[in-house]
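# Results of the structural survey
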Amino acid sequence: MTDAKPVAEQPRPQAFKAIGFMIVSFPLRLVQFVLIVTLAAVGVTTVIIWVGIPILLLATQLTRWFGDLERSWVRTALGTPLPPVERAQTEGGWMRRWFGQLTDPTTWRDLGYLMLAFPLGVLEFAIGLVAVILLPIAIWVVPSIGWLHGQLAMSLLGPPKAQRLAAKASRLQASRARGVDAAEAERRRIERDLHDGAQQRLVSVAMSLGRAKAKLDGDPSAVRALIDEAHTDAKLAVSELRDLARGIYPAVLADRGLDAALSAQAAKAPIHVDVEVDVEPRPPAAVETTAYFIVGETLTNIAKHAGATEAGVRVWRTDDTVVVEVTDNGRGGAQMRPGGGLAGLADRAATIDGVISVVSPPGGPTVIRADLPCTW
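Attention in this report is confined to the structure presented alongside it.

What counts and what doesn't
Residues numbered from 1 in each chain as written. Predicted model: local features only at pLDDT ≥ 70, side-chain atom pairs only at ≥ 80, totals over all residues. Heavy atoms only, no water. Core = buried A, V, L, I, M, F, W, Y, C linked by side-chain atoms within 4.5 Å. Buried < 20%, exposed > 50% of the residue type's maximum accessible area, 1.4 Å probe, protein only. Helix = DSSP H or I, 4+ residues; strand = E, 2+ residues; numbered from the N terminus. Salt bridge = Lys/Arg side-chain N within 4 Å of Asp/Glu carboxyl O. Phe/Tyr/Trp six-rings, centres within 6.5 Å; stacked < 30°, edge-to-face > 60°. Expected span 1.5 Å × (residues − 1). Bend = angle between axes of the 7 residues up to and from the residue. Contact = heavy atoms within 4.5 Å. Pairing = 2+ DSSP bridges. Lys, Arg positive; Asp, Glu negative; His and termini not counted. Arc of directions from axis to C-beta.

## Section: the nonpolar core
When a protein is soluble and globular, its nonpolar side chains tend to lie buried together. By size, the foremost hydrophobic cluster in this structure holds 37 residues, and its most contacted members are L258, V315, V324 and L372. Among the elements of the structure, α8 (251-268), β2 (272-278), α9 (285-306), β3 (310-317), β4 (321-328), α10 (341-350), β5 (355-359) and β6 (366-373) are those that each provide at least two residues to this core. If one sorts the elements of this core by residue count, α9 sits on top with nine residues. Residues I55, A77, L78 and A117 belong to the second largest nonpolar core, which totals 16 residues.

What follows is the structure, encoded as structure tokens:
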């Protein structure tokens, strides 16, 4: 799988996973709370006779270890997209390293989460047991509690705000650069199509009309043939300009939206394509255009390289994102390589901060998904 996706928003966990999380977490939280509080209390009271220093060092190490354990557990059980944290590293002896750990804000955020997690764990344990018996609690209450717990974990166990903002700025800068490259490539394509197509036709029209003008008085039949030739070239030039304009922003997309535009694309495909579109309210024009070209280029690649007999296009909208998913039953093995077609799709999506993910095991099926934000 190739995934260029940034850290996602906190999803709402499934009921049975949230119930398991609430019940299984209680003994873990109990052990964590008792160990840390006991070691901290004993260490502080005995630090004056030096015995407390190794005890406090152990408490610090356990706090950090438990914090990493909680990140993994919350990520697995609730689906919370918690990225690994970057801890400050201090060189020197063990006392200097311990001081560095104590001054690391991540250590104190781990401690804050662990101290809050125990009383919350008692409440969640009781709710989890009740949810096993009462179906309405399991269906409507437990997922919301799991989501709230995920939000707490994101706030305390996730990267600091400054680090998150720096990562977002770096990602946006990279996506803007890719967007500029994609726009430049599109400009060159339009320039090449104009030069090789419509421009040559119009030059031919001008030459035919010039020759007809020179023979106007002496050879009327030749003039008629030259005018017919110019007329044919003019119609071809108009057709090529219309195709070029359609390639920039198709009229059917502007007039009737994604459903009609993608259905028209599917009708022209050499294989059977099922189309399902539900994007109300209508997304911005930039999102529609990006989705349209992603589907079009993907269907073209499927027809050329996948060896598929059928494909499916699903487009739907969440609150602020349009999701485009194209599947096929071809041979699989598609990868996002630099300079390749899928990389071009990713560059096009990056112009609006969208991301492309590809799942294509050998033998298929292949799933290409684009997440396109509706707000920037």
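## Digging into the pattern of salt bridges
Note that side chains of opposite charge can pair when their charged atoms are close. Counted under the stated rule, the structure contains eight salt bridges. Residue D104 pairs with R64 through a salt bridge whose shortest N-O separation is 3.6 Å. Of the two residues, D104 is situated in the loop between α3 (94-102) and α4 (105-133) and R64 in helix α2 (residues 52-78); the sequence distance between them amounts to 40 residues. Residue R64 is classed as buried on the basis of its relative accessible area, which comes to 9%.

## Considerations on the packing of aromatic side chains
Summed over the entire model, instances satisfying the criterion amount to five aromatic pairs. Relative to F118, the ring of F33 has its centre 4.5 Å away and its plane inclined at 15 degrees; by these criteria the two rings are stacked. Remark: F118 occurs in helix α4 and F33 occurs in helix α1 (residues 15-46); sequence separation between them is 85 residues.

## Topic: the environment of G296
Within the fold, G296 resides in helix α9. Overall, the relative accessible area of 18% leaves G296 in the buried class. Sequence spacing of G296 and A261 is 35 residues, and the spatial spacing of their C-alpha atoms is 9.9 Å.

## What to know about unusual backbone geometry
Put simply, E280 and P281 share a cis peptide bond, and its omega is -5 degrees. Assignment of secondary structure puts P281 in the loop between β2 and α9.

## A short note on α1
Along an α-helix, residues three or four positions apart point the same way, because every turn accommodates 3.6 residues. With 32 residues, α1 ought to run about 46 Å at 1.5 Å a step, and its terminal C-alpha atoms sit 46 Å apart, in line with that. A maximum bend of about 35 degrees is found in α1 at S25, where proline P27 lies one to four positions downstream. Those residues of α1 that fall on the buried side of the exposure criterion are A18, I19, F21, M22, S25, R29, Q32, I36, L39, G43 and T46. Residues of α1 that are buried in the fold lie against α2, α4 and α5 (135-157).

## Observations regarding the pairing of β6
Every other side chain in a regular strand lies on the same face of the sheet, so the side chains alternate between the two faces. The buried fraction of β6 amounts to six of the eight residues, a majority that puts the element mostly inside the structure. Pairing analysis gives eight bridges linking β4 to β6, with the strands arranged antiparallel. The residue bridging T321 from the neighbouring strand is P373, located in β6. The pairing of β5 with β6 spans five bridges and is classified as antiparallel. In the sheet register, V355 faces β6, and the bridge partner there is D371.

## With respect to the environment of W140
Tracing the sequence through the fold places W140 in helix α5. The class for W140 is exposed, based on a relative accessible area of 61%. Considered as a pair, W140 and A15 are 125 residues apart in the sequence and their alpha carbons are 8.3 Å apart.

## A closer look at the side chain of E124
Relative to the assigned elements, E124 resides in helix α4. The side chain of E124 sits in the buried core without any salt bridge; R29 is the nearest counter-charge, 4.2 Å away. Sequence-distant contacts of E124, defined by excluding residues within four places in its chain, comprise F21, M22, R29, I145 and H149.

## Remarks on α3
Every buried residue belonging to α3 is among W98, G100 and Q101, and all of these are buried. Each buried residue of α3 lies within a common arc of 155 degrees when the element is viewed along its axis, so the set occupies one face. Among the exposed residues of α3, those pointing more than 90 degrees away from its buried face are R96 and F99. Contacts made by the buried residues of α3 are with α2 and α4.

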